[in-house]
Structures are given as C-alpha cells and as structure tokens.
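Read off the chains here:
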Amino acid sequence: MQNQSTPQGQNGTMPPTMNMNTPGTQTPNTNHGGHEMFDAHEVIAGIISMLDQYQMYEQHIQDPALKDILIHQTTFVTQMYNTIVESFQTGQKPSVSTQVYNMTQTHDVVYGLSPSQPKKPNQSVNELSDKGLSAYMLGQTKGLATLLAMTALEMTNPVLRRVIADSVPNFIEMSYEIFLYQNKHGYYQVPQLAMQDMTAMLQSYTTTTSQGNMPH
C-alpha cells in the first residue's frame, strides 16, 4: 500500500496544492508574499485615511499659512498614492517615480516653555482650532512615516519595496514642516535641559577607530 502521508504523488512530483514556485517563475504583478499583501493594503488604506482626514481639516482651518501646508501636502501625497498603487498592481517601475517633498517652513526652532492654558478635549466641533488641527495633521504624517518604515522591511517585491522606502523621508519631512509651524505659533513648545546637563551628555561619548582591519 502506498504511504498516504507523503507529500509527493505517484510520479514523485509535488501535488498542485503545494504551489511551490522556483525563482523567476512569477510575473512582476504577482511577485508578492502574503504578509506583504496585507501590509500594502494597510499602507494604501492609511494614505487614503490621511487624504480623507485632510479634507475635513481644511474646512475648519483659519490660518491661510496652515491651509497652504495642508494643500501642498495633499497634492504631494495624492501623487504618492497613485505611484504606490501602480507599483503594487504592476510590480513594474511606476510611470511617475517617487518625488522629493520640499517644505515651505524655515528650520528655526524656538526653545523653552512659556505659560499656556491646560489642554482638554473639545466639547463640540465649534471648538476646533488651528492648534488642534495642526496636531491632527502631525499625527497623520508621523503615523504613516512609522508604518511605511516598518512595512518596507517586510516587502519582497523589489519595486514596491523601493517605492515604500523612498516615501518614508517624505513623511518625515512633512512631519517636520508641521512641527515647525506649530513651534513658531507656540503650539508645540520645546523644553531644554540645563546647560550643564546638556554639556555633560554631549561630552559623554567619543569617537573610535574602524574595526574593519582587525588582525585575525
């Protein structure tokens, strides 16, 4: 009697249900692992969520400068979305490559704390302010920067992996832009350590020589 527990058929070949693929046998658009498929869906859904949320925020923003940032980021992320979707579906180099986001804010940071009112949840949408709306925007961009960085580490399709990885610095830059806007308006204050403590920590490390040429 033939051993039914063996995974091989009578002619020694793998049964069709095993679906074992050798390198190079898949087309680019099916060159995705199962985990990667779920991660890609999470990334794309997250970007859609950001764009949807930004539409709601725009209706309540009062400061034209903040609205300009929102519109600038929306335009950029919309193209990013299209590039990611195309790469995901085709596995080929996208028709529009990943772009580089350029912020509009200066890099000057205000340090120190000044008195401010304690925060509490809004009682209604009528209490929405630019301070809160810019914080929601920052939450969106920081969350996506983290998600894309983690997802890029799990990608198997080389084109999609590169597109996702190259998009991480753009979300970092958008996050920094919103932080700088908030900092300029006193919404995001940055405390510092005492000078002696900062100096001690800055001087707590020193450089070393390369270990690449160690004797065997």
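Note that this is a predicted model, so its numbers are computed, not measured.

S.K.: Just checking my understanding: could you explain the environment of H185 for this structure?
M.R.: Mapping H185 onto the fold places it in the loop between α4 (158-184) and α5 (195-202). Along the sequence, H185 and D130 sit 55 residues apart, while their C-alpha atoms lie 9.8 Å from each other.

S.K.: Help me understand the packing of aromatic side chains in this model?
M.R.: Describing an aromatic ring pair means giving the distance of the ring centres and the angle of the ring planes. Considering all chains together, one arrives at 6 aromatic pairs under this definition. Centre to centre, the rings of Y176 and F179 are 5.9 Å apart; their planes meet at 20°, and the pair counts as stacked. One end of the pair is Y176 and the other is F179, both in helix α4 and 3 residues apart, which spans about a single turn. Classification of Y176 as partly exposed rests on a relative accessible area of 32%. Using a relative accessible area of 14% as the deciding quantity, one classes F179 as buried. Ring pairing ties together the aromatic residues Y54, Y57 and Y136, which thus form one cluster.

S.K.: I keep staring at the packing of helix α2 (residues 64-90) against helix α3 (residues 130-152) and nothing clicks. Help me out?
M.R.: Any two packed helices are characterised by the angle at which their axes cross and by the distance between the axes. At their nearest, the axes of α2 and α3 sit 11 Å apart, and the two run at 25° to each other. In terms of orientation, α2 lies roughly parallel with respect to α3. Regarding α2 and α3, the two cross each other, and that crossing is left-handed. Note on element contacts: α3 touches α2 through D130, S134, M137 and T141, opposite L66, I69, L70 and Q73. Residues belonging to the contact of α2 with α3 are distributed by class as follows: 4 nonpolar, 3 polar and 1 charged.

S.K.: What am I meant to see in the environment of I69 here?
M.R.: The topology assignment puts I69 in helix α2. For I69, a relative accessible area of 1% gives the class buried.

S.K.: Would you explain the side chain of Q73 in this entry?
M.R.: Counting through the fold element by element, Q73 comes out in helix α2. Judged by relative accessible area, Q73 falls into the buried class, the value being 0%. Excluding anything up to four places from it in sequence, Q73 contacts M50, Y54, Y101, M137, T141, M174, E177 and I178.

S.K.: Could you clarify how one ought to interpret the confidence of the model for the protein chain in this entry?
M.R.: When pLDDT drops low, the exact placement of atoms in the prediction is not to be read closely. Across the protein chain, pLDDT averages 87, with 82% of residues at or above 70. Looking over the protein chain, one finds the lowest element-wise mean pLDDT in helix α1 (residues 34-58), namely 93, and the highest in α3, namely 97. Counted against residues more than four places away or in other chains, residues 1-10, with its pLDDT under 50, gives 7 contacts. In this model, residues 13-18 is a region of pLDDT below 50 whose contacts with residues beyond four sequence positions or in other chains number 5 contacts.

Conventions used here
- Residues numbered from 1 in each chain as written.
- Predicted model: local features only at pLDDT ≥ 70, side-chain atom pairs only at ≥ 80, totals over all residues.
- Heavy atoms only, no water.
- Helix = DSSP H or I, 4+ residues; strand = E, 2+ residues; numbered from the N terminus.
- Phe/Tyr/Trp six-rings, centres within 6.5 Å; stacked < 30°, edge-to-face > 60°.
- Buried < 20%, exposed > 50% of the residue type's maximum accessible area, 1.4 Å probe, protein only.
- Axes fitted to C-alpha atoms, helices over the stretch in contact; angles between N-to-C directions.
- Parallel < 35°, antiparallel > 145°, perpendicular 65-115°, else oblique.
- Left-handed = near helix turned anticlockwise from the far one by under 90°.
- Contact = heavy atoms within 4.5 Å.
- Nonpolar A, V, L, I, M, F, W, Y, C, P; charged D, E, K, R; others polar.
- pLDDT = per-residue confidence, 0-100.

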